[in-house]
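Now for the letters of each chain:
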Amino acid sequence: MERRTFALSAELRGHEQDVRCVAATDGGDVLTASRDASVRVWTRAADSTAYESRGTLVGHTHYVGAVTAVPGTGSVVSGSNDKHVIVWDDSAGAPLRLLEGHTDVVSCVAVSDEGDIISGSWDKTVRVWRAGGVNAVDVLKGHDQVVWAVLPFAHNVGIASASGDRTVRIWRAGKCAATLTGHTDVVRGLALVPALGFASVANDGTLRLWSLEGSALLSVQISGSFLYSVAALPNGDLAVCGEDRSLRVVRDGSLAQAIAHPAPVWSVAALPNGDLVTGG
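In short, a report on the structure. As the structure is a computational prediction, the values presented were derived from the model and not from experiment.

**Focus: the overall build of the chain**
Assigned secondary structure in the chain consists of zero helices and 26 strands. Computed over the C-alpha atoms, the radius of gyration of the chain is 17 Å, within 12% of the 19 Å expected from 2.2 N^0.38 for a compact globule of 280 residues. Dimensions of the chain, computed from the C-alpha atoms along their principal axes, are close to 45 × 45 × 30 Å. By the burial criterion, 54% of the 280 residues in the chain qualify as buried.

This is the structure we're talking about:
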């Protein structure tokens, strides 16, 4: 299993305000969402480590704080402070569907293996939208505060959601199957960890690992400051980032590398080739 050390290879410049979320497509393109109300799609230049912007998706009327790709389709999903979820045709740079229903900021979006879209909001709900549809097929209620992250499990066996109420909830068949406690502050990020379960990070500066059934597996104090995002690498390492202006790589429960940034790091994502992308 490859044990990598990371170094800066490219800077993606073009957004006019801070980048709130980054994501990767299954083809290796990078997606970035910004407070400038746009989503950008970046492709790696031929025979280079540089990335070129190949499209800007414009249609939201407020900050865009969430973005993800729909694997195998070329579609992009974004969520915004305008309370909307938009599904985009990446190749045409145009909206395919507008998903309405949330009554406050859409703070996170994800896509299941089956192509369902899952969104979380400041309205304290998680919504599930069937592939191709425009109406939510499930509205999951139970959190007492903002939903900051959503995570569909593989093979449609459940959904995890992270909240400002300091809990992670696991939902199965439209019902809350488990409420996970342990974090002592707002839970901000979630990531699947293959062959293990999933990870969560929070404003308490800890990284926690859980089984898919909700059993606590590990808790590690990563930082004395807020942690905003976590990503799992193909080799099993975890990348976390946050308010302390750093990206940290965690290997076997211990800090393997810390990379300083010039400002708080809002989001981290792993690319298929094992590279990491951060936005701030």
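Right, picking up where we left off after that structure.
**What to know about the side chain of H102**
For H102, the position within the fold is in the loop between β8 (94-99) and β9 (106-111). Among the residues examined, H102 registers a relative accessible area of 7% and is labelled buried. Of the polar contacts made by the side chain of H102, one reaches the side chain of S119; its length is 2.7 Å.

**Quick word on the layout of surface pockets**
Approximately 1000 Å³ is the volume attributed to the second largest pocket. Together, 36 residues line the second largest pocket, and L8, A10, E11, H261 and T278 are the ones closest to its centre. The biggest single contributor to the lining of the second largest pocket is strand β26 (residues 276-279), with four residues.

**Overview of the packing of aromatic side chains**
Per the stated rule, a full pass over the model turns up four aromatic pairs. A centroid spacing of 6.1 Å and a plane angle of 65° characterise the contact between W122 and W148, whose relative ring orientation is edge-to-face. Of this pair, W122 sits in the loop between β10 (117-121) and β11 (125-129) while W148 sits in strand β13 (residues 147-152), and the two are 26 residues apart along the sequence. When its relative accessible area of 36% is taken as the criterion, W122 is described as partly exposed. Taking relative accessible area as the criterion, W148 reaches 22% and is therefore assigned partly exposed. A ring pair is formed by F226 and Y228, whose centres lie 6.4 Å apart and whose planes are at 65°; its orientation type is edge-to-face. The partly exposed category is assigned to F226, whose relative accessible area is 35%. Grouped by ring-pair contacts, the aromatic residues F226, Y228 and W266 constitute a single cluster. The cationic tip of R35 hangs over the ring face of Y63; the distance from NZ or CZ to the ring centre is 5.3 Å. Directly above the aromatic system of W148 lies the positively charged group of R188, at a separation of 4.2 Å from the ring centroid.

**Concerning the pairing of strand β2 (residues 30-34)**
Look at any regular strand and the pattern is simple: side chains alternate between the two faces of the sheet. Within β2, five of the five residues are buried, which leaves it mostly tucked inside the rest of the structure. Burial of the side chains of β2 extends over both faces: V30, T32 and S34 are buried on one face and L31 and A33 on the other. Where strand β1 (residues 19-24) meets β2, five bridges bridge the pair, whose relative direction is antiparallel. Of the residues in β2, the one forming a bridge with C21 is A33. Adjacent in sequence and paired antiparallel, β1 and β2 are bridged by five residues, among which G28 carries a positive phi angle near 95°.

**Description of the pattern of salt bridges**
Within this structure, the stated rule accounts for ten salt bridges. Ionic pairing is found between R54 and D29, a salt bridge with its closest N-O pair at 2.8 Å. Linking R54 in strand β4 (residues 51-58) with D29 in the loop between β1 and β2, this pair joins segments that are 25 residues apart in sequence. For R54, a relative accessible area of 41% gives the class partly exposed.

**Observations concerning unusual backbone geometry**
The phi torsion of most residues other than glycine is negative, and most of the peptide bonds are trans. Notably, A37 is not glycine yet its phi reads approximately 75°, a positive angle. Turning to its location among the elements, A37 is positioned in the loop between β2 and β3 (38-44). A residue is classified by how much of its surface remains accessible, and A37, at 16% relative accessible area, is buried. One non-glycine residue with positive phi stands out, namely R166, at about 75°.

**Considerations on a nonpolar patch on the surface**
Among the surface-exposed residues, L196, L217 and L218 lie close enough to one another that they form a single nonpolar patch of about 240 Å² accessible area. Mapped onto the fold, L218 is located in strand β20 (residues 216-221).

**Some remarks on the nonpolar core**
Within soluble globular proteins, side chains that are nonpolar tend to cluster in buried spots. In terms of nonpolar packing, the biggest core is built from 14 residues, with A160, V168, L180, L190 and F198 touching the most fellow members. When contributions to this core are tallied by element, the ones reaching two or more residues are β13, β14 (159-163), β15 (168-172), β16 (175-180), β17 (187-193) and β18 (197-202). When residues no more than four places from it in sequence are discounted, the contact partners of A160 are A149, V150, L151, F153, V168, R169, L190 and F198.

**Notes on the sheet that holds β1**
Pairing within the open sheet is antiparallel, and its four strands lie in the order β1-β2-β3-β4. What marks the edges here is a single partner per strand, and that holds for β1 and β4. Between one strand axis and the next, the sheet turns through 20° on average, direction left out of account. As paired elements, β2 and β3 share four bridges and run antiparallel to each other. When the bridges of β3 are listed, A33 appears paired with V39.

Conventions adopted
- Residues numbered from 1 in each chain as written.
- Predicted model: local features only at pLDDT ≥ 70, side-chain atom pairs only at ≥ 80, totals over all residues.
- Heavy atoms only, no water.
- Helix = DSSP H or I, 4+ residues; strand = E, 2+ residues; numbered from the N terminus.
- Rg over C-alpha atoms; globule rule 2.2 N^0.38 Å.
- Buried < 20%, exposed > 50% of the residue type's maximum accessible area, 1.4 Å probe, protein only.
- Polar contact = N/O pair within 3.5 Å; in protein donor to acceptor, adjacent residues only side chain to side chain.
- 1 Å grid on protein atoms, 1.4 Å probe; cavity = no way out; pocket = protein on both sides within 12 Å on 5 of 7 lines; lining within 4 Å.
- Points joined across faces, edges and corners; volume = space filled by probe spheres on them.
- Phe/Tyr/Trp six-rings, centres within 6.5 Å; stacked < 30°, edge-to-face > 60°.
- Lys NZ or Arg CZ within 6 Å of the ring centre and 35° of its normal.
- Pairing = 2+ DSSP bridges.
- Salt bridge = Lys/Arg side-chain N within 4 Å of Asp/Glu carboxyl O.
- Patch = residues over 30% accessible without salt bridge, like charges linked within 9 Å, V, L, I, M, F, W, Y side chains within 5 Å.
- Areas by Shrake-Rupley, 256 points an atom, 1.4 Å probe, with all protein chains shown as cover.
- Core = buried A, V, L, I, M, F, W, Y, C linked by side-chain atoms within 4.5 Å.
- Contact = heavy atoms within 4.5 Å.
- Axes fitted to C-alpha atoms, helices over the stretch in contact; angles between N-to-C directions.

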